[in-house]
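# Overview (structure and organization)
One letter stands for each residue in the lines below.
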Amino acid sequence: MREALHAEWTKLRTVPSTFWLLLAVIVVTVALGLVADAVARCPSAGCGLDPARTSLAGVYLGQAIVAVLAVAAVSGEYGSGLIRVTLTAMPRRTGVLAAKAVTVTGATLAAGVPAVLGSLLAGRLVLPGHGFTAAHGRPPLSPDDGAVLRAAAGTVLYLGLIALLSLGVAAAVRDAAAAIGTVLGLLYLLPLLTTVLGGSRLARHLERLSPMTAGLAVQATTGLRGLPIAPWAGLGVLAAWATAALLIGGLLLHFRDA
C-alpha cells in the first residue's frame, strides 16, 4: 500500500491541472460566498437567513471543481492508456483505487480548509454591515459558536465525500465526460426535481435522499427543525452515496479488463 500511495501521490502532484483545480476550489468558493454575503440583507429580527449557509454558498460551485479533479484522477489514466501500466505494476486493483481515494481526498480536504475558513472570515467581515447583528438575532460568525464550528468542519468533510463519490463513479464509468455528467446530475438535478414537486411528501423524501441537499444540511446553524434531515444525518446520507459508488467502482475495476 505504501508503494501504491507513493505512486498515486506522484501522479496527482505532477499533473499541472491538479494545482490549478485545487486553487480554483479555494478561489471560487470564497468568491461566490463573498458575493452571497454582499447581496444578503437582514433588516429585522428573524429575517430567516442563515449567516453560515450564506457565507458558505460558494460550495455549490466549488464542489463541481472537486468532482472534475477526482474524475480526472481515474478517467485520465483510462484516456491515456496509463491504467494498463498502473495495473501491471500494482496488480491489486482495489489497493490502487484505495490509494487514489486517499490521495485525492487528502488534497481535497487540504483545499477545503482554507476555502471554508476564507468564506467564513468574509462573512464575519461583510454580513454585520447588512443587518446580521445580535440585535436581529444573527450574531457575527464565530468559531466559538458550536453550530458554526459544525458547519465549517462539516463543509470540509462534505467536499471530501464529494471527491470520494466522484472517484467511485469514475471507476465505474471510466469515461471522463460521462462520469462528470453523472456526478453533476446526482448533485444538481435531484434538487431541481424536488423544486418542481413543490412541498409534496415525495419531494421531502427526495430531499432526504439527495446527496447535495442532505449533505449540505450540515451547514445549517438556524431553523434546524425545518430541515428535511438533521445536519450530521444528512452528511451520513452523502457518505452512503460515496461508499456505494466506491464499492461499485471497486467491483467493476476488479472484474473488468483494463
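Here's a quick rundown of the structure.

The backbone phi angle of Arg-174 is positive, close to 75°, even though this residue is not glycine. Turning to its location among the elements, Arg-174 is positioned in the loop between helix H7 (146-173) and helix H8 (176-197).

So, about the pattern of salt bridges. According to the stated counting rule, one finds four salt bridges in the structure shown. Across the pair Glu-8 and Lys-11 runs a salt bridge, and its minimum N-O distance is 2.9 Å. Here the residue Glu-8 and the residue Lys-11 both occupy positions in helix H1 (residues 2-14), the gap between them amounting to three residues, near one helical turn. Taking the relative accessible area as the measure of exposure, Glu-8 reaches 4% and is therefore buried.

Looking now at a nonpolar patch on the surface. Together, Phe-19, Trp-20, Leu-23 and Val-27 make up an exposed nonpolar region whose accessible area comes to about 440 Å². Counting through the fold element by element, Leu-23 comes out in helix H2 (residues 16-39).

Covalent bonding between the sulfur atoms of two cysteines defines a disulfide. Enumeration according to the criterion identifies one disulfide in this entry. Covalent S-S linkage joins Cys-42 and Cys-47, the inter-sulfur distance amounting to 2.1 Å. Judged by the torsion about the S-S bond (-95°), the Cys-42/Cys-47 disulfide is left-handed. Take Cys-42: its relative accessible area is 0%, and that puts it in the buried class.

What follows deals with H8. For H8, with 22 residues, the first-to-last C-alpha span of 31 Å sits near the 32 Å given by 1.5 Å per residue. The largest bend in H8 is about 35°, located at Gly-185. The opening residue of H8, the one whose side-chain oxygen lies 3.3 Å from the backbone nitrogen of Ala-177, is Asp-175. Directly after H8, the chain includes Gly-198, whose backbone phi takes a positive value near 70°.

Before going further, it helps to spend a moment on the nonpolar core. Ranked by size, the top nonpolar core spans 47 residues in total, and within it Val-104, Tyr-158 and Leu-167 carry the most contacts. The set of elements that each furnish at least two residues to this core consists of H1, H2, helix H4 (59-80), helix H5 (82-89), helix H6 (93-126), H7, H8 and helix H11 (231-255). Per-element tally for this core: the top contributor is H7, with eleven residues. Residues Cys-42, Leu-127, Phe-132 and Ala-152 belong to the second largest nonpolar core, which totals 13 residues.

With that settled, consider the packing of H4 against H8. Helices that pack against each other are described as a pair by the angle of their axes relative to one another and the distance between those axes. Following both chains from N to C, one finds H4 and H8 inclined at 150°, their axes separated by 10 Å at the closest point. Comparing their axes, H8 and H4 come out roughly antiparallel. When the axes of H4 and H8 are compared, the crossing they make is right-handed. Contacts between H4 and H8 involve Tyr-60, Leu-61, Gln-63, Ala-64, Ala-67, Val-68, Val-71 and Ser-75 on the former and, on the latter, Ala-176, Ala-179, Ile-180, Val-183, Leu-184, Leu-187 and Tyr-188. Of the residues in the contact of H4 with H8, the class split is 13 nonpolar, two polar and no charged.

Cut-offs applied
- Throughout, a residue's number is its position along its own chain's written sequence, starting from 1.
- Residues qualify for local features only when their pLDDT is at least 70, as the model is predicted, and side-chain atom pairs are given and counted only at 80 or more; totals for whole chains, interfaces and linings, by contrast, use all residues.
- Where side-chain values are given, they derive from all heavy atoms of the structure, hydrogens and water being excluded.
- Numbering of helices and strands runs from the N terminus; a helix is a DSSP stretch of H or I covering at least four residues, while a strand is a stretch of E covering at least two.
- Salt bridges, as used here, are contacts in which a Lys or Arg side-chain nitrogen is within 4 Å of a carboxyl oxygen on Asp or Glu.
- For the exposure calls, accessible area comes from a 1.4 Å probe over protein chains only, and a residue counts as buried if that area is under 20% of its type's maximum, exposed if over 50%, partly exposed in between.
- Like charges within 9 Å and nonpolar side chains (Val, Leu, Ile, Met, Phe, Trp, Tyr) within 5 Å are joined into patches, using only residues over 30% in relative accessible area that form no salt bridge.
- The protein chains shown are the only cover counted for residues, whose accessible areas, like all others here, come from Shrake-Rupley with a 1.4 Å probe.
- Cysteine sulfur pairs qualify as disulfides if the two atoms are within 2.5 Å.
- What a helix is expected to span follows from its residue count: subtract one and scale by 1.5 Å.
- What the bend at a residue measures is the angle between two axes, fitted to the seven residues ending there and to the seven starting there.
- A 3.5 Å cut-off defines polar contacts: any pair of N or O atoms within that distance qualifies, except that in protein one atom must be a possible hydrogen donor and the other a possible acceptor, and neighbouring residues in sequence count only when both atoms are side-chain atoms.
- Each nonpolar core is a collection of buried residues, namely Ala, Val, Leu, Ile, Met, Phe, Trp, Tyr and Cys, held together in the definition by side-chain atoms within 4.5 Å.
- Angular values range over 0 to 180 degrees, each being the angle between N-to-C directions of two axes fitted as lines to C-alpha atoms, with helices fitted over their stretch in contact.
- Angle categories are assigned with fixed cut-offs, so that under 35 degrees is roughly parallel, over 145 is roughly antiparallel, 65 to 115 is roughly perpendicular, and the rest are oblique.
- Left-handed describes a crossing in which the near helix is turned anticlockwise from the far one by less than a right angle; the clockwise case is right-handed.
- Working rule for contacts: check all heavy atoms of both residues, and any pair within 4.5 Å makes them a contact.
- Each residue receives one of three labels: charged for Asp, Glu, Lys and Arg, nonpolar for Ala, Val, Leu, Ile, Met, Phe, Trp, Tyr, Cys and Pro, and polar for the others, Gly being one of them.

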